[in-house]
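Breakdown of the fold
Chain by chain, the residues run as shown.
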Amino acid sequence: MSDLFEILESKIMGHNLKIVFPEGLDERILGAAGRLAQAKLVTPVLIGDIGLIQEKAKDLKISLDAIEIYDPKNYIMMDEMVEAFVKVRDGKATDLQAREILTDENYFGTMLVHMKLAHGMVSGATHSTADTVRPALKIIKTKPGVQKTSGVFIMVREEEKYVFADCAININPSSQDLAEIAIESAKTALMFDIEPRVSMLSFSTKGSATSPETLKVVDAVDLAKEMDPEVILDGEFQFDAAFVPSVARKKAPDSLIQGDANVFIFPSLEAGNISYKMVQRLGGFEAVGPILQGLNRPVNDLSRGCSEEDVYKLAVITAAQGFVAQYQ
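This section reports on the structure supplied with the text. Along every chain, residues carry numbers that run from 1 in the direction the sequence is written. The model is predicted, so local features are restricted to residues of pLDDT at least 70 and side-chain atom pairs to those at 80 or more, both for listing and for counting; the totals for chains, interfaces and linings are taken over all residues. Where side-chain values are given, they derive from all heavy atoms of the structure, hydrogens and water being excluded.

1. What about the packing of helix α6 (residues 105-114) against helix α7 (residues 129-139)?
Cut-off, in case you're wondering: Helix axes use the C-alpha atoms of the stretch in contact, all axes being lines fitted to C-alpha atoms, and the angles between their N-to-C directions lie in the range 0 to 180 degrees. Per the convention used, a helix needs a DSSP run of H or I reaching at least four residues, while a strand needs a run of E reaching at least two, with both numbered from the N terminus. Throughout, the term roughly parallel applies to angles under 35 degrees, roughly antiparallel to angles over 145, roughly perpendicular to angles from 65 to 115, and oblique to all others. Left-handed is the label given to a crossing in which the near helix is rotated counterclockwise from the far helix by less than a right angle, and right-handed is the label when the rotation is clockwise. It only takes one pair of heavy atoms within 4.5 Å for two residues to be counted as in contact. Just so you know the grouping, Ala, Val, Leu, Ile, Met, Phe, Trp, Tyr, Cys and Pro go in nonpolar, Asp, Glu, Lys and Arg go in charged, and all remaining residues, Gly too, go in polar.
Orientation of α6 relative to α7, taken along the N-to-C sense of each, is 40°, at an axis distance of 9 Å. Accordingly, the angle class assigned to the pair α6 and α7 is oblique. For α6 against α7, the interelement crossing comes out right-handed. Every residue of α7 that contacts α6 at Asn106, Tyr107, Thr110, Met111 and His114 is listed here: Asp131, Thr132, Arg134, Pro135, Ala136, Lys138 and Ile139. Tallied by class, the residues present in the contact of α6 with α7 amount to five nonpolar, four polar and three charged.

2. Quick word on the packing of aromatic side chains
Rules: Working definition: rings of Phe, Tyr and Trp (its six-membered ring) pair if their centres are within 6.5 Å, and the pair is stacked with planes under 30 degrees apart, edge-to-face with planes over 60 apart, and tilted otherwise. Three labels apply to residues, based on accessible area from a 1.4 Å probe with only protein chains included: buried if under 20% of the type maximum, exposed if over 50%, partly exposed otherwise in between.
For the structure on display, the rule yields twelve aromatic pairs. Taking the centre distance of 6.4 Å and the plane angle of 75° together, the rings of Phe85 and Tyr107 count as edge-to-face. Here Tyr107 lies in helix α6 and Phe85 lies in helix α4 (residues 78-88), a separation of 22 residues in the sequence. In this structure, Phe85 and Tyr107 share a single accessibility class: buried. Ring geometry for Phe164 against Phe266: centres 5.3 Å apart, planes inclined by 65°, an arrangement best described as edge-to-face. Placement of Phe164 in strand β6 (residues 160-165) and of Phe266 in the loop between β9 (263-265) and α12 (269-283) is noted, with a sequence separation of 102 residues between them. The residues Phe164 and Phe266 share a single accessibility class, namely buried. Among the aromatic residues, those joined into a cluster by ring pairs are Tyr162, Phe164, Phe239, Phe243, Phe264, Phe266 and Phe285.

3. Regarding α12
Quick note on the threshold: To estimate how far a helix should reach, multiply one less than its number of residues by 1.5 Å. Throughout, the arc means that of the directions going from the helix axis to the C-beta atoms.
With 15 residues, α12 ought to run about 21 Å at 1.5 Å a step, and its terminal C-alpha atoms sit 20 Å apart, in line with that. If you check which residues of α12 are buried, you get Leu269, Gly272 and Tyr276. Viewed end-on, α12 has its buried residues packed into an arc of 70°, placing them on one side of the element. Seen from the open side of α12, the exposed residues pointing more than 90 degrees away from its buried face are Glu270, Arg281 and Leu282.

4. Details of the layout of surface pockets
Put simply, the rule reads: Points on a 1 Å grid over protein atoms alone make up a cavity when a 1.4 Å probe fits among them but cannot get out, and a pocket when they form an open set with protein on both sides within 12 Å along at least five of seven lines; lining residues each have an atom within 4 Å of a point. Grid points are joined across faces, edges and corners, and a volume is the space filled by probe spheres set on the points.
Considered as a void within the structure, the largest pocket measures approximately 480 Å³ in volume. In terms of lining residues, the largest pocket is bounded by 24 residues, among which Gly289, Pro290, Asp301, Leu302 and Ser303 are the most central. Here the lining of the largest pocket takes six residues from strand β10 (residues 286-293), the largest share from any one element. Among the residues making up the lining of the largest pocket, the classes are represented as twelve nonpolar, seven polar and five charged.

5. Observations concerning the environment of Leu46
Assignment of secondary structure puts Leu46 in strand β2 (residues 43-47). For Leu46, a relative accessible area of 0% puts it in the buried group. Put simply, Leu46 and Glu23 are 23 residues apart on the chain and 7.0 Å apart in space, counted from C-alpha to C-alpha. Discounting residues that sit within four places of it in the chain, Leu46 has contacts with Phe21, Gly24, Ile29, Leu30, Ala33, Ile53, Leu64, Ile67, Glu68, Ile69 and Tyr70.

6. A closer look at the sheet that holds β9
Threshold: Any two strands with at least two DSSP bridges between them are considered paired.
Read from one edge of the open sheet, six strands run β8-β7-β9-β6-β5-β10, paired in mixed fashion. In the strand order of this sheet, the two ends are held by β8 (232-237) and β10, each with one partner. Taken over all neighbouring pairs, the strand axes of this sheet differ in orientation by 20° on average, direction set aside. Where strand β7 (residues 197-201) and β8 come together, five bridges link them in parallel fashion. Paired with Leu201 across the bridge in β8 is Phe237. Running over the sheet, helix α9 (residues 212-227) touches β7 and β8 and is turned about 170° from β8.

Okay, structure coming up:
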């Protein structure tokens, strides 16, 4: 696991990346922000009452010297932010409504990312996933050609690294959704120095069973190959055919994937969520995520039960996504 984050830290070091933390008064957020600033990995941007944050940081003995703090109620660029918000919402909010909405720290933080005043945002320590993701979908929106965001986990055990998707967002993805998830997951894999070999999973391998569920995956494979012919991708596969070479030789001898897949696309959220938790608990893997993908600029969601270390790691991941996004 340390090697994984050393790779990411080396990518973001020295690039003056700014990561927004809307929950500036949370002790875990403050602790992680202090560590990130001290290591000079990113410039943390805390949102909240400046005086209260300064007082809390003093109590925790955390230096704020390399940390920026913004209070939505006293933000010098609020007029510009209101104008940008009304524009991006395309008439769905008046100036007055925008000013009210932007007092919410998640909307305010998301607008900082949208206006390119920060490279990404990490929230969710005290907010629900919906509170974190909803502003991102309304303001930052998904990339061209991507209709939905999705959530991936990087599964790590010593030198082994795999990408599992979607394990967090889409309950019953369509063929189009699965294809988008596959291509975006391949891009995420590259960020972690995983050369993607993508397997679209099902309970069937290459037509061994036929049902609406298996045909959905077959269609997704075709769509994904059209979206990006350069990605090594195939399916539909049972997991053993995607992961075990001897099984692949029997069940899918003509496939590009010969038991060497490292990016696994699940046909439903139910399958993905159950699988990553089983691999984590039974297989001794560490699950890094969920990492949201498909947005124009990165916003990631913490668990409300997260630790300071979780905040630190997700901020590093978000900064790496932000570094990539600025060149796209």
